[in-house]
Amino acid sequence: MTFNTSLDNVSIYEAGKPIELVVREYGIHPYDIVKLASNENPYGTCPTVVDVIARKAVSSFVYPDDSMYELKEALASNFSVDTKNIVIGAGSDQVIEFCIHAKCHTNSKVLMAKTTFAMYEIYAKQVGANILKTPSDAHNIDEFRELYKKEGADIIFLCLPNNPLGECLDAKDVYSFLDEIDSNTLVILDGAYQEFASYKDGAKAIIPHEAISKYPNVIYLGTFSKAYGLGGMRVGYGIANENIIQVLHKVRPPFNITTLSLAGAIEALKHKDFVSMGITKNFTEMTRYEEFATLKGLRFIPSYTNFITIYMDGFVSKDVALELLKKGIIVRDMTGYGFNAIRITIGRAEQNDKVFKTLDVILENLKSNN
Ligand SMILES: *Cc1c(COP(=O)(O)O)cnc(C)c1O
């Protein structure tokens, strides 16, 4: 059977390994597994959010409110925008898909950093678009500028901060770049980790209502999967000018968010204190990773997110990740990105204790085997 030939060079997204797989393959009790591969919130979500979701379960036989009015209201007030400026997706992943499908076709150009969120390329290739990547792995705004001037682009992705590396452009550099971009180019500001970056350094903070009022061609993406601890609920959103949002609604499937997800997200927005607690602890714990890496003589990328990418200098990152997995610790090997590094989501203190202890033994063993 033949398929859409655009799919010939699309790779399948490799998700972080689930706990269930480690239970099956290594016979480790789920309780002993430390999952630090998908940048979930290790503190979970606020207990009242769990209550609300549980109580909502009796309404599961009714289709959700397709207008998503209440969640849009809550987000609109949170970001000082109008509900007309908001589209909701099953994760911000789905909003990325909407943008690509609304804007791109065969031979469209999509510009991004060399090493960034894998889904940008996957969705773009699905419609046969051409991918333009900057020479540097991390975001280098001068390289973006140069490539854009030379090639143009239908869509530009800026991941602020960037997954999987953790670096983040300053907002002022993003804005001065936007000043030079044609209004027919859609610029996607992916703020999946903005809550973390803006806490660590105000210079990284992107204010969605400022960005969209100054730039008619910008869409800001946010998610409930990271700081809000609702990865399993699949809720994300896009904030842009109304003319963009209206077109995105043409490609949005009806009822793309479940009733339970909507209820959970609305409740989560009410508990900023819980979210702030997680963010504060994240950076306290991240310091411990930096100290551990330094002690071991391993380089790391300073991170504005809830994960840290550590180079496995003198080791093979794939081997290190596998040895960790055998001990029930799931991290992300970066070999597929062309990096001899592992990306570790910052866990809770006791999870991180286990990572340091286990990694220490693994590295010493691998060293003596060499
Ligand atoms: C996690 C993530 C997303 C979206 O996650 P969803 O769960 O689909 O909302 C988007 N962009 C980046 C860079 C991410 O890391």
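Quantities reported herein were computed from a predicted structural model and do not represent experimental measurements.

The rules behind each value
Residues numbered from 1 in each chain as written. Predicted model: local features only at pLDDT ≥ 70, side-chain atom pairs only at ≥ 80, totals over all residues. Heavy atoms only, no water. Helix = DSSP H or I, 4+ residues; strand = E, 2+ residues; numbered from the N terminus. Rg over C-alpha atoms; globule rule 2.2 N^0.38 Å. Buried < 20%, exposed > 50% of the residue type's maximum accessible area, 1.4 Å probe, protein only. Contact = heavy atoms within 4.5 Å. Areas by Shrake-Rupley, 256 points an atom, 1.4 Å probe, with all protein chains shown as cover. Core = buried A, V, L, I, M, F, W, Y, C linked by side-chain atoms within 4.5 Å. Domains from an automatic or database assignment. Near = heavy atom within 4 Å. Polar contact = N/O pair within 3.5 Å; in protein donor to acceptor, adjacent residues only side chain to side chain. Nonpolar A, V, L, I, M, F, W, Y, C, P; charged D, E, K, R; others polar. Pairing = 2+ DSSP bridges. Axes fitted to C-alpha atoms, helices over the stretch in contact; angles between N-to-C directions.

Asks: How should I be thinking about the overall build of the protein chain in this particular structure?
Replies: Helix and strand content of the protein chain: 14 helices and 13 strands. For 370 residues, the compact-globule formula gives about 21 Å, and the C-alpha radius of gyration of the protein chain, at 21 Å, lands near that figure. Over its C-alpha atoms, taken along the principal directions, the protein chain stretches across nearly 60 × 55 × 55 Å. A total of 370 residues make up the protein chain; the buried ones form 54% of that total. Partitioning the intrachain contacts of the protein chain with sequence separation of at least 6 by distance along the chain shows that 73% fall at a separation of at least 24. When the accessible surface of the protein chain is summed, it comes to about 16,500 Å², and 53% of that surface belongs to carbon and sulfur atoms.

Asks: When you look at the nonpolar core in this model, what are you seeing that I'm missing?
Replies: Within soluble globular proteins, side chains that are nonpolar tend to cluster in buried spots. Within the largest apolar cluster, 87 residues are counted, with the highest numbers of intra-cluster contacts made by Leu-71, Ile-156, Leu-158, Leu-189 and Phe-224. The element contributing the most residues to this core is helix α12 (residues 272-296), with eight residues. For this core, the two domains that each supply at least three residues are domain 1 (15-45 + 273-369) and domain 2 (47-270). Apart from the residues lying within four places of it in its own chain, the contact partners of Phe-224 are Leu-71, Leu-75, Gly-229, Leu-230, Gly-231, Val-235, Tyr-237, Ala-265, Ala-268 and Leu-269.

Asks: Which parts of the structure should I look at to understand the site of the ligand?
Replies: The immediate surroundings of the ligand are formed by 13 residues, with Asp-190, Thr-223, Ser-225, Lys-226 and Arg-234 found nearest. Asp-93 has a polar backbone atom sitting 3.1 Å from an oxygen atom of the ligand. Between the ligand and the protein, one listed contact pairs an oxygen atom with a side-chain N or O atom of Thr-223 at 2.5 Å. The residue inventory of the shell around the ligand, partitioned by class, reads four nonpolar, five polar and four charged.

Asks: Honestly, the sheet that holds strand β5 (residues 155-159) in this entry has me stumped. Any pointers?
Replies: Neighbouring strands of a sheet are bound in pairs by backbone hydrogen bonds; such pairs are parallel or else antiparallel. The strand order across the open sheet formed by seven strands is β2-β8-β7-β6-β5-β3-β4, and the pairing between neighbours is mixed. This sheet does not close on itself; its edge strands, each paired only once, are β2 (86-89) and β4 (130-133). Averaged over all pairs of adjacent strands, the angle between their axes in this sheet comes to 20°, without regard to strand direction. As paired strands, β5 and strand β6 (residues 186-190) are joined by five bridges and run parallel to one another. When the sheet's bridge partners are listed, Cys-159 is paired in β6 with Asp-190. Taken strand by strand, helix α7 (residues 171-178) contacts β5, β6 and β7 (218-223), and its axis lies near 175° from that of β5.

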